[in-house]
Structures are given as C-alpha cells and as structure tokens.
Amino acid sequence: MRITFFLLCLFAAAALAGGQSAAPRAPRNAAEFDQLFQQVKNWGRWGPDDQLGSANLVTPAKRKQALALAKTGMSVSLAHNALTERAEDNTSPFEHTMNRGFTTDTYRVSYHGYAHSHIDALCHILYKDQTYNGYARADVNTEKGCTKLGIENLKSGIVTRGILIDIPRLKGVPYLEPGTPVYVEDLEAWEKKAGVKVGSGDAILLRTGRWARRAALGPWPVAQRAAGFHASVAPWIKARGVAFVGSDDAADVVPSMVEGVNLPIHTLFITGLGINLLDNQDLEAVGDTAARLNRWEFLLTIAPVPVTGGTGFPLNALAVF
C-alpha cells in the first residue's frame with residue numbers, strides 16, 4: 001500500500017512538473033468561457049470609440065524603456081520565409097510571379113492560418129457577433145473591409161519591450177509536442193528562470209518550438225493539433241498589462257480544451273482584451289540569440305503596412321538586442 005501511494009505521488013508530481021494537471025481547468029465549456037470573457041474584457045476601458053485596444057498600454061515612457069534595450073545593435077527577424085509549397089500546415093501557399101521583363105513581380109498571399117508570419121487586426125475575431133469594444137458585426141465587418149479596428153490603426157508602428165517565453169528551454173526539450181498547454185505556472189517559472197518580469201506595455205512571444213519540430217519531423221496539420229496557451233492564462237495577461245502577444249503557431253493550444261469553443265485565446269485576447277496577435281513567428285533564431293546572450297528581453301518593432309480596413313497583414317517583426 002505504501003509503495004502504491006508513493007508511485008501515485010510520483011506520477012502526480014511528474015504531471016505538475018510537465019505543466020499538466022490531473023483535473024481539467026476552467027474554462028472547461030462554453031458557459032465558463034463566457035464568464036471568463038466577461039471578466040477580462042477591456043471594452044470601454046479606453047473610451048467608447050477606441051480603435052487601439054491594449055496598444056494603448058505602449059506609452060512614450062515604455063518606448064524609451066524599450067529603446068534602451070538595444071545595447072549591441074544586433075537585429076533578429078521574427079518572420080519565417082514565405083512558404084510557397086502546399087503542405088499540411090500551408091493550405092494557401094505564398095505565390096510569387098515574375099512579370100514581363102523579370103524586373104517586377106507580383107505577390108499573392110492569403111496570410112491568415114498557420115503558415116505565414118502575420119499580425120491580426122482587432123476586427124479579425126468576433127464573439128457573439130461583436131468585435132473588440134462591443135461594436136456590432138454589421139457595423140464593422142463589411143465586403144469592402146473593416147469600418148473600424150482595421151490594421152491601419154497601427155500605421156505609426158509599435159516600439160516596445162519584447163520578452164521571449166521559451167517553454168521548451170524551460171522544460172529542457174527541443175520543442176513541445178502538439179497539444180501541449182501552457183499555463184500560468186509555466187509563465188511564472190520562465191520569469192524566474194530568465195530573470196524577467198512581464199509588465200505593462202510589454203509584448204510577449206511564446207516559443208513552442210513549432211518550427212524546430214517541423215524542420216526535424218516535417219509539417220503536420222497545426223490547425224488540428226498545436227502547443228499553445230490554455231485559456232486560463234487570460235486573467236494573468238490582463239493583470240500584467242500585456243500589450244501584444246505572439247507565438248510560433250497561432251497562440252492557442254489545439255485542441256482548445258474548452259468544450260464548444262474553438263480558438264479561445266484568439267477570442268479572449270483579440271475580441272476581449274483588444275490584443276493584436278502575431279501568429280506564426282519564427283522564434284528559433286531569436287531563441288538561440290537570447291540563449292547565447294542570456295538576455296530574454298529586447299527592443300521589438302512591429303510595423304504592418306496600413307491597409308485601410310484590413311484584418312491584418314504579413315509581418316517582419318524585429319528583435320534588437
């Protein structure tokens with residue numbers, strides 16, 4: 001009996017160490033998700049006509065703090081090179097066509113999804129037919145583009161402190177297996193290990209090792225199974241004042257672990273909190289650079305092309321150490 005109890009304790013400790021819990025965590029279903037959404041949403045926080053959401057947290061003082069992080073001047077791109085081959089994680093390949101004379105070219109890309117590095121505008125995701133700040137779908141999402149919350153609202157660009165949250169390095173593995181959830185205790189364990197603390201106006205970038213796994217094992221249907229944030233992190237994100245969130249897939253753990261809700265992180269962050277998401281960022285080079293320098297914070301610049309009414313844009317974000 002003592003041996004059995006000891007083994008059970010070991011199994012429980014191992015599960016907790018791996019970021020897993022024995023019992024499902026709230027929100028577990030659509031009703032609990034709605035309660036969480038109402039709890040964390042930022043609607044009206046910056047006024048009834050706000051177009052920026054949590055980007056409001058990037059103040060002039062925050063920009064000055066971020067600029068001071070560019071100590072060596074070393075710049076690292078967070079963009080993955082355009083994927084032109086159809087694959088399980090790339091159902092809409094990037095198209096590059098040379099025009100007559102081969103001195104000009106044409107690009108065509110449907111960038112939302114799980115292949116191309118991009119940023120989501122605040123009109124990209126809705127909840128119960130409403131966008132961020134409570135605007136009605138019919139008043140925002142039209143056949144000619146978004147009348148509010150389009151990507152043009154970030155025309156002045158974002159300059160802030162970026163923090164890499166490298167969960168594979170925390171756990172001592174090259175990458176997380178698809179379907180692995182990231183919880184608040186993982187984020188706080190990483191803060192302790194990296195010697196950083198997430199604060200107001202920061203952009204956090206979650207490395208799951210998606211691109212390292214793809215390089216080692218090949219593509220897989222990321223839309224069906226991916227490591228990422230569990231929905232329960234939303235109150236922590238709000239309490240810390242996170243302004244932007246990025247990841248090397250689409251931020252959500254898939255399957256979502258919330259019965260009846262697809263992409264709960266997208267919905268909580270974009271629609272509820274007003275946080276633009278940076279999807280499919282390639283965080284391998286920045287992870288290697290940060291590990292070599294033992295510096296997990298850096299100047300981050302984000303500058304999407306201001307397409308009026310656009311739901312986002314392909315992006316080459318830069319980390320400057």
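Preceding this paragraph is the structure being described.
Structural notes, computed from the coordinates. (Residues numbered from 1 in each chain as written. Predicted model: local features only at pLDDT ≥ 70, side-chain atom pairs only at ≥ 80, totals over all residues. Heavy atoms only, no water.)

Observations concerning the overall build of the protein
The condition is simple: Strands are runs of DSSP state E lasting at least 2 residues, helices are runs of H or I lasting at least 4, and numbering of each runs from the N terminus. Note that the radius of gyration is over C-alpha atoms, with the globule rule given as 2.2 Å times the number of residues to the power 0.38. Residue exposure (1.4 Å probe, protein chains only): buried if accessible area is under 20% of the type maximum, exposed if over 50%, otherwise partly exposed. Note on contacts: a residue pair is in contact if any heavy atoms of the two residues lie within 4.5 Å. Each accessible area value is a Shrake-Rupley result obtained with a 1.4 Å probe; residue values ignore everything except the protein chains displayed when judging cover. When charges are counted, Lys and Arg contribute as positive and Asp and Glu as negative, whereas His and the chain ends are disregarded. To locate a charge, take atom NZ for lysine, CZ for arginine, CG for aspartate or CD for glutamate.
The number of helices and strands found in the protein is ten helices and 15 strands. The C-alpha radius of gyration computed for the protein amounts to 20 Å, which stays within 12% of the reference 20 Å derived for 321 residues, consistent with globular compactness. Considering only C-alpha atoms, the protein reaches an extent of 80 × 45 × 40 Å along its principal axes. For the protein, with 321 residues in total, the buried portion stands at 50%. Sequence-distant contacts, at least 24 apart, represent 80% of the contacts inside the protein between residues at least 6 apart. Carbon together with sulfur atoms contributes 55% to the accessible area of the protein, which is approximately 14800 Å² in total. Separation between the mean location of the 32 positive side-chain charges and that of the 30 negative ones in the protein comes to 6 Å.

Details of the sheet that holds strand E7 (residues 158-166)
Note the threshold: Paired strands, as defined in this entry, are two strands with at least two bridges between them according to DSSP. Axes, fitted as lines to C-alpha atoms, cover a helix only where it is in contact. Angles between the N-to-C directions of the axes lie from 0 to 180 degrees.
Taken together, the nine strands give an open sheet; going across it, the order is E1-E15-E13-E7-E9-E11-E12-E4-E14, and neighbouring strands pair in mixed fashion. Two strands lie at the open edges of the sheet, namely strand E1 (75-77) and strand E14 (312-314), each paired on one side alone. Each strand of the sheet is rotated relative to its neighbour by a mean of 25°, with strand direction disregarded. Alignment of strand E9 (residues 203-207) against strand E11 (residues 244-247), held across four bridges, turns out to be parallel. Paired with Leu-206 across the two strands is Ser-247, which belongs to E11. Packing of helix H10 (residues 284-293) onto the sheet brings it into contact with E1, E7, E9, strand E13 (297-302) and strand E15 (318-320), and relative to E7 it is tilted by some 80°.

Examining the pattern of salt bridges
Here is the rule: Salt bridge, as used here: a side-chain nitrogen of Lys or Arg that lies within 4 Å of a carboxyl oxygen of Asp or Glu.
In total, this model carries 17 salt bridges according to the counting rule given. Residue Asp-89 pairs with Arg-214 through a salt bridge whose shortest N-O separation is 2.6 Å. Residue Asp-89 is found in the loop between E1 and strand E2 (95-98), and its partner Arg-214 is found in helix H7 (residues 210-217); the two are separated by 125 residues along the sequence. Look at Asp-89 and you get buried, because its relative accessible area is 4%. With a shortest N-O distance of 2.7 Å, Arg-137 and Asp-129 are connected by a salt bridge.

Describing the nonpolar core
For the record, the criterion: Here, nonpolar core refers to any group of buried Ala, Val, Leu, Ile, Met, Phe, Trp, Tyr and Cys residues whose side-chain atoms link them within 4.5 Å.
The biggest cluster of nonpolar side chains holds 71 residues, and the ones touching the most others in it are Phe-229, Ile-237, Phe-244, Leu-268, Phe-269, Val-286 and Ile-302. Beyond its immediate sequence surroundings of up to four residues, Phe-269 is in contact with Val-233, Ala-234, Ile-237, Val-245, Gly-274, Ile-275 and Leu-277.

So, the packing of aromatic side chains
The line we're drawing: Two rings from Phe, Tyr or Trp (for Trp, the six-membered ring) form a pair when their centres sit within 6.5 Å of each other. Planes less than 30 degrees apart are called stacked, planes more than 60 degrees apart edge-to-face, and all others tilted. Charges are assigned to positions over rings by a cutoff of 6 Å between ring centre and Lys NZ or Arg CZ, combined with an angular limit of 35 degrees from the ring normal.
This structure, assessed with the given rule, holds eight aromatic pairs. Ring geometry for Phe-37 and Tyr-127: centres 4.5 Å apart, planes at 40°, overall tilted. With Phe-37 in helix H2 (residues 30-40) and Tyr-127 in the loop between strand E4 (118-120) and helix H4 (137-140), this residue pair connects regions lying 90 residues apart in the sequence. Residue classification places Tyr-127 among the buried positions, given a relative accessible area of 14%. A ring pair is formed by Phe-298 and Phe-321, whose centres lie 5.2 Å apart and whose planes are at 55°; its orientation type is tilted. In this pair, Phe-298 is assigned in strand E13 and Phe-321 in the segment after E15, connecting sequence segments 23 residues apart. Of the two residues, Phe-298 and Phe-321, both sit in the buried class. Linked through ring pairs, Phe-33, Phe-37, Trp-43 and Tyr-127 together constitute an aromatic cluster. Sitting over the ring of Trp-211, Arg-210 keeps its end group 3.9 Å from the ring centre.

Re the pairing of strand E3 (residues 105-108)
Of the strand pairs in this sheet, E2 and E3 are connected by four bridges, and their pairing is antiparallel. Bridge pairing in E3 places His-96 opposite Tyr-107. Hairpin connection of E2 to E3: six residues between the antiparallel strands, including Gly-101 at a positive phi of 90°.

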